[in-house]
Amino acid sequence: MPQAPIDDVGLVPFGKGFERGLDARSLCTRGVQMETLAGLGLPVAVGLTIPVPNVPGMVTVDRAAAAINLLESSAGRLVGARTDDGGLLLLRLSASAPVATAGLPVDLVAIGLLNGQIPSGLPEKMHADLANSWWKSASAIAEFGCQVPNDEISSLDLDIADVTQRIAALITVCNDKGTQPFPLDAAGQLAAGAQAMLSRWNSPRAARARRAQQLPADLPLGLHLETFVVTDHNDAGHGHAISRDLTTGQFAPNGGFRHGFRASGERQTIGHPLNLLPGGVSMLTGVLAELEGRLQSVALVDFDYGPEGLTLVGLEELNRTSARVATSLAVDLATRGITDERTAVAAIKPPHVLELLHPRPRLTGHEQQLVTGLAASPGAAVGRIALTSEEAVELAESGDSVILVSAETTPGDLPGMMAAVGILTVTGGSASHAAVVARGMGRPAICGAGGLVINRAAGTVSAGEHVLSRGDVISIDGDSGTAYVGEVAIERPEPSFALSTVLSWADDVRRLGVRANADTRADAATAMDNGAEGIGLCRTEHMFLGDRLPLIRRVILSHDPQSETAALSALADVQREDFRELLLACGDRPVTVRLLDAPMHEFLPEHPDDAEDEHQAKMAESLHEENPMLGVRGVRLAMLHEGLYPAQVEGLFNAWIDVNTQYGIAPELEVMVPLVSIPDELLMMLRLIRRVNQEVATRTGVVVPFKIGTMVETPRAALMADQLAQSAEFLSFGTNDLTQLTYGFSRDDVERRMLGTYLERGLLTASPFAELDPIGVAGLMQIAVERARSVRPDIKLGICGEHGGDPASIAICERLGLNYVSCSPGRVPVARLAAAHASMHPASH
Amino acid sequence: MSQEQVNDAERQVLVSIVVRGMARGEASPEHQSLAESGLLLIKGPMIMPTPAGTALVGEQLRLAADAPERERLMATFHRFLPVNRNLRDLCTAWQMRPDGSVNDHSDPSYDAEIRDRLDDIDDAIAPLLKRFAEDVPDLTGYRERLTEALDRLDAGDNAWLASPLIDSYHTVWMHLHQHLLLTIGMSRAEDEALEEQLVSGNHG
């Protein structure tokens with residue numbers, strides 16, 4: 001590895017680096033963190049950074065001694081010396097790189113023990129902790145500094161239980177078999193320790209870590225040396241504090257502390273809760289608030305505490321946090337004036353929104369809690385109790401959802417876990433094998449529910465007053481660790497205050513409108529709750545299924561005009577009901593209703609026996625199509641049955657009059673004709689629809705306002721958009737069909753058999769049905785946009801396929817200058833955010 | 001059914017299924033024969049041990065209380081349990097980030113740190129596996145299977161650390177753990193209690 005030339009920038013005491021004009025390139029991340037902490041004006045660890053150019057020199061005893069001398073003069077005490085209250089001053093060596101990286105050598109703790117021995121006379125626990133720390137450091141020095149084979153060290157570790165004896169044996173092995181004797185003084189240990197860290201950093205293992213992070217193979221290393229006191233003092237210890245509650249996202253300093261010295265290079269999370277810290281947490285609270293503002297991230301500080309107060313010894317920026325934390329932080333920083341609203345919007349990503357709106361149990365307060373345990377695997381599930389793997393497999397085979405309830409889990413429970421939708425265990429922790437397996441299978445799980453008693457012989461599960469039997473229904477919430485008796489509704493949660501705030505800021509930023517695809521009142525209500533500005537697509541197909549199927553069949557298969565007229569009239573009536581419900585949820589917002597667009601075979605009897613009479617059966621047979629998706633569909637069906645669309649719009653106009661007169665609301669109706677590829681198809685439908693509008697006006701005295709438009713879902717429609725725009729007041733891109741017809745892909749077939757191979761071979765980078773094809777399909781859309789606007793500059797243009805909820809596709813819609821996107825109700829918040837991002841960073845195609 | 005009625009090939013199959021908890025796929029003649037003897041249950045593509053099958057394997061694998069290798073095995077097992085805790089914690093971190101959110105493997109630095117720590121665990125288990133195999137030859141294959149999982153993980157498929165549906169590092173480890181418990185004749189509850197005692201003892 002090429003080394004930078006040694007340019008003596010000296011040894012840099014913590015807090016002196018920035019004033020010497022140094023930055024992360026030489027101080028490395030830990031050096032910069034200590035500068036940041038020192039900049040707060042509070043006590044920080046006595047320590048120094050050995051900057052990148054000087055690290056190679058640190059393997060010599062002279063340079064190591066110089067570093068130690070500098071620290072001893074700052075600390076006013078010699079390394080290895082005892083403090084007034086019986087403590088012992090030692091050194092800790094740590095490493096970092098110019099950028100945050102994984103795979104760093106672990107800290108070498110307890111450097112500076114004279115003769116490599118633990119001094120006698122230390123209190124028992126302090127001696128034991130120190131011996132364990134020193135064993136780890138001494139092993140690293142022996143392996144990497146003195147080149148003792150790892151096998152030799154492992155054997156000592158396994159064969160000699162007493163750590164002090166093991167260390168003595170290690171020194172002997174080193175002296176006998178090492179490339180150099182074990183160093184017995186502080187400078188020798190530091191020089192060997194530095195060598196050990198460099199060897200570790202140059203090992204294949206560290207190289208692999210850099211490669212995995214796409215970091216340069218020759219990323220340099222900086223070292224940091226600090227003093228610490230090994231003490232058994234009752235009022236001394238160490239801990240860490242995080243600025244936010246990682247569950248709720250709120251600013252709420254929390255963490256833990258423990259007595260004794262920082263014996264390991266890794267942060268200890270077990271200990272007393274932070275709020276019990278001697279001396280209180282007000283200083284830490286101030287520090288963390290200040291750091292969040294400076295770093296614009298969640299902050300974590302490591303500290304030591306003692307009779308003289310707190311010393312800050314480490315800092316970490318938690319940049320990757322959960323959606324809840326990220327939104328709370330972004331809103332707080334903007335509200336404090338440290339950032340602004342656009343920055344907050346930019347900080348939240350679409351996956352954050354999805355994570356926050358993931359379905360979870362909706363609690364009403366009337367649930368009966370069965371038991372609580374550890375939240376072991378996220379998600380919620382409802383199912384019947386099975387007490388053994390066999391039961392679970394059998395219940396699942398019979399079509400039931402199963403919750404496997406077991407005392408402890410062994411590999412024998414695997415079949416049951418696979419068959420179950422959720423798992424509840426009495427013993428085991430959140431890191432048990434069972435929890436690892438449940439998470440790996442994506443099954444929600446609660447472990448360690450100690451309040452649960454299982455009686456397999458009796459087939460019962462009891463907790464407190466509840467006694468349930470196998471087969472009874474329970475619900476489990478793997479996020480909270482709570483199990484409930486019976487079924488708890490699992491629904492999409494309301495957006496939190498922080499998320500609602502960010503989304504309202506996103507609304508201020510975005511240009512694109514966001515509508516929803518909704519066919520029912522419930523879907524429409526959800527869409528409006530999620531912030532949709534209207535309905536971009538109401539599909540009428542489902543309104544014709546179920547008990548309405550005979551009506552539409554009579555229209556299509558009728559042999560006498562009278563029965564067709566009667567069926568159409570009945571259709572108009574039921575459509576009026578359907579639309580009234582939908583419009584009620586929409587208020588004065590725009591509502592785009594797409595007239596019937598289903599392949600005809602969906603309405604035909606599957607078997608001759610399903611037909612109402614012999615004539616219907618014969619007719620159905622004669623209407624069989626080879627390729628229904630490209631057959632008599634959409635406007636084509638309406639051309640063959642001219643009463644169909646008029647019946648639908650009659651129902652729609654009457655529904656509008658109902659809600660207008662009864663509730664005073666006036667939805668903006670947009671009537672959309674599907675699958676047009678010949679402009680005259682639209683024109684003919686337009687005439688029919690206007691005629692119905694006039695008839696309704698004549699009958700009721702109310703002129704129902706409406707716009708008419710069409711889908712653009714065939715390449716020909718896109719190319720003819722100028723002619724369509726002569727009669728259409730809006731166009732909506734149906735990008736699912738447009739993608740199928742542009743590529744010539746049959747979606748189901750292609751996704752099932754071909755897509756994987758195409759993605760693997762790099763022929764496609766994403767499914768064009770999930771992410772809009774930015775060149776081909778979007779190219780056609782661009783032609784359509786330009787041609788349509790050349791005829792009717794104020795024409796409203798939208799998209800109503802699944803792409804309307806996909807962030808990458810939304811960015812393309814922004815670039816194309818569409819007016820709105822329409823997506824499923826649940827995706828509306830994602831679309832609002834993605835539309836704001838698209839406005840802020842327009843795609844550059 | 002007495003164990004004399006189970007031939008060697010069947011015994012190996014039965015031990016493997018009890019250690020693994022199940023097998024999937026088409027039932028072999030050995031599976032069929034063991035199922036007829038009431039030691040296995042075949043449900044569609046799933047093959048599970050019956051309580052009688054589990055009990056028989058327990059009897060066959062368990063070392064006698066006075067077996068000479070038992071003491072050394074127990075000593076090594078004591079060293080195994082704290083490493084076992086570390087491995088489970090590591091798998092947990094691989095699946096869930098510290099704030100409880102699912103690790104979606106979009107943060108190379110986070111994943112690289114966990115992969116790096118896995119080397120510490122693999123280094124720690126290596127000498128223990130050697131000793132286990134010296135004392136109980138049945139336990140020989142685990143080193144190879146763990147290395148295979150590591151190789152596949154390093155070839156870029158994240159599933160090979162903790163997925164339960166393949167012989168991932170965790171899956172093989174779990175089989176090893178179960179095999180050890182059957183050999184020692186220790187229950188899960190005793191095992192959990194001992195591990196807790198050893199780990200908290202180490203933490204001081």
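Scoring rules and cut-offs
Residues numbered from 1 in each chain as written. Chains lettered and ligands numbered in written order. Predicted model: local features only at pLDDT ≥ 70, side-chain atom pairs only at ≥ 80, totals over all residues. Heavy atoms only, no water. Helix = DSSP H or I, 4+ residues; strand = E, 2+ residues; numbered from the N terminus. Rg over C-alpha atoms; globule rule 2.2 N^0.38 Å. Contact = heavy atoms within 4.5 Å. Areas by Shrake-Rupley, 256 points an atom, 1.4 Å probe, with all protein chains shown as cover. Lys, Arg positive; Asp, Glu negative; His and termini not counted. Charge placed at Lys NZ, Arg CZ, Asp CG, Glu CD. Pairing = 2+ DSSP bridges. Right-handed = clockwise from strand over helix to strand, strands pointing away. pLDDT = per-residue confidence, 0-100. Buried area = accessible area lost by both parts, 1.4 Å probe. Salt bridge = Lys/Arg side-chain N within 4 Å of Asp/Glu carboxyl O. Polar contact = N/O pair within 3.5 Å; in protein donor to acceptor, adjacent residues only side chain to side chain. Nonpolar A, V, L, I, M, F, W, Y, C, P; charged D, E, K, R; others polar. Phe/Tyr/Trp six-rings, centres within 6.5 Å; stacked < 30°, edge-to-face > 60°. Buried < 20%, exposed > 50% of the residue type's maximum accessible area, 1.4 Å probe, protein only. Lys NZ or Arg CZ within 6 Å of the ring centre and 35° of its normal. Domains from an automatic or database assignment. Axes fitted to C-alpha atoms, helices over the stretch in contact; angles between N-to-C directions. Parallel < 35°, antiparallel > 145°, perpendicular 65-115°, else oblique. Left-handed = near helix turned anticlockwise from the far one by under 90°.

**Comments concerning the overall build of chain B**
In terms of regular secondary structure, chain B is built from nine helices and three strands. For chain B, the α and β elements follow one another from N to C terminus as α-β-α-β-β-α-α-α-α-α-α-α. Compactness check: chain B gives a C-alpha radius of gyration of 18 Å against a globular reference of 17 Å for 204 residues, within 12% of the reference. Structurally, chain B occupies a C-alpha span of about 55 × 40 × 25 Å along its principal axes. Long-range pairs, those at least 24 residues apart, make up 61% of the contacts in chain B between residues at least 6 apart in sequence.

**Some points on the overall build of chain A**
Helix and strand counts for chain A stand at 30 helices and 31 strands. Based on the C-alpha atoms only, the size of chain A along its principal axes is roughly 110 × 70 × 50 Å. Long-range pairs, those at least 24 residues apart, make up 68% of the contacts in chain A with a sequence separation of at least 6. Just so you have it, chain A exposes about 34,800 Å², and 50% of that area is on carbon and sulfur atoms. Measuring between centres, the 67 positive side-chain charges of chain A sit 4 Å from its 101 negative side-chain charges.

**Quick word on the pairing of strand S30 (residues 796-799) of chain A**
All names here are of chain A. As defined by bridge partners, strand S29 (residues 730-733) adjoins S30 across four bridges and the pair is classed as parallel. Within S30, the position partnered with Phe730 by the bridge is Lys796. Strand direction decides the pairing type here: S30 and strand S31 (residues 820-823), joined by two bridges, are parallel. Counted as the bridge partner of Gly798 is Tyr820 from S31. Between S30 and its parallel partner S31, the chain crosses via helix H29 (residues 807-816), and the hand of that crossover is right-handed.

**Focus: the confidence of the model for chain A**
Summarising the model, chain A shows a mean pLDDT of 91, and 98% of its residues fall at 70 or more. Contacts for the low-pLDDT stretch residues 1-8 of chain A, under 50 throughout, to residues beyond four places or in other chains number 13 contacts.

**Considering the interface of chain B and chain A**
Each partner contributes to the interface: chain B provides 53 residues, whereas chain A provides 47 residues. In this assembly, chain B packs against chain A so that about 4,300 Å² is buried in total across both faces, 57% of it on carbon and sulfur atoms. Remark: the boundary between chain B and chain A carries 10 salt bridges. For Asp119 of chain B, the salt bridge identified is with Arg205 of chain A, shortest N-O distance 3.7 Å. The interface formed by chain B and chain A holds 16 residue pairs in polar contact (both at pLDDT 80 or more) in total. Of all elements in the fold, only helix H1 (8-20), strand S2 (40-43), strand S3 (46-49), helix H4 (68-95), helix H5 (108-135), helix H8 (169-184) and helix H9 (188-203) of chain B reach the threshold of two or more residues within the side of chain B that touches chain A. The leading source of residues in the side of chain B that touches chain A is H5 of chain B, at 13 residues. Counted by class, the side of chain B that touches chain A contains 20 nonpolar, 12 polar and 21 charged residues.

**Observations regarding the packing of aromatic side chains**
Taken as a whole and assessed by the stated rule, the structure comprises 10 aromatic pairs over all chains. Taken together, a centroid distance of 5.6 Å and an interplanar angle of 25° make the contact between Phe80 of chain B and Trp173 of chain B stacked. Here Phe80 of chain B is found in helix H4, whereas its partner Trp173 of chain B is found in helix H8, with 93 residues between them in sequence. Classification of Phe80 of chain B by relative accessible area gives buried; the value is 0%. Over the aromatic face of Phe228 of chain A sits the side chain of Arg92 of chain A, whose NZ or CZ is 5.3 Å from the ring centroid. Lying across the ring of Tyr110 of chain B, Arg97 of chain B places its NZ or CZ 4.4 Å from the centre.

**A word on the domain arrangement of chain B**
Residue and element names in this part refer to chain B. Along its sequence, chain B is carved into domain 1 (3-61) and domain 2 (68-203). Relative placement of domain 1 and domain 2: their C-alpha centres are 25 Å apart. Here domain 1 packs against domain 2, burying approximately 770 Å² in sum over the two surfaces, 56% of which is carbon and sulfur. Contact with domain 2 buries surface across domain 1, with Val19, Arg20 and Leu61 losing the most and accounting together for 68% of the total. Remark: the boundary between domain 1 and domain 2 carries two salt bridges. A salt bridge links Asp138 to Arg11; its shortest N-O distance comes to 3.8 Å.

**Looking at the sheet that holds strand S3 (residues 88-96) of chain A**
All names here are of chain A. Within the open sheet, the five strands sit side by side as S1-S2-S5-S3-S4. Their pairing is antiparallel. In the strand order of this sheet, the two ends are held by strand S1 (12-13) and strand S4 (108-111), each with one partner. Pairing of S1 with strand S2 (residues 47-50), which is carried by two bridges, proceeds in the antiparallel orientation. What sits directly across from Pro13, in S2, is Leu48. Against the sheet, helix H3 (residues 124-145) engages S3, S4 and strand S5 (222-230), with an angle of about 115° to S4. The strands touched by helix H6 (residues 186-201) within the sheet are S3, S4 and S5, with S3 carrying the most contacts at an inclination of about 20°.

**Some remarks on the side chain of Ser96 of chain A**
For Ser96 of chain A, the location among the structural elements is in strand S3. If sequence neighbours within four positions are ignored, Ser96 of chain A has contacts with Leu27, Cys28, Thr29, Arg30, Gly31, Leu104, Leu221, Gly222 and His224 of chain A.

**As for the sheet that holds S2 of chain B**
All names here are of chain B. Strands sit in the order S1-S3-S2 across an open sheet of three strands; the sheet is antiparallel. Taken across any chain shown, the strands that pair with only one partner, and hence form the sheet edges, are strand S1 (23-24) and S2. In this structure, S2 lies alongside S3, joined through four bridges in antiparallel fashion. By the bridge assignment, Lys43 is partnered in S3 with Met46. Against the sheet, H1 touches S1, S2 and S3, its axis set at about 90° to S3.

**Quick notes on the packing of helix H16 (residues 521-529) of chain A against helix H18 (residues 561-586) of chain A**
Residue and element names in this part refer to chain A. H18 packs onto H16 with a crossing angle of 10° between their chain directions and a minimal axis gap of 8 Å. Here H18 runs roughly parallel to H16, going by the angle between their axes. Of the two possible hands of crossing, H16 and H18 adopt the one that is right-handed. In this structure, H16 uses Arg521, Ala524, Ala525 and Met528 to contact H18, whose residues at the interface are Glu581, Leu582, Leu584, Ala585 and Cys586. Residues that form the contact of H16 with H18 fall into these classes: seven nonpolar, no polar and two charged.

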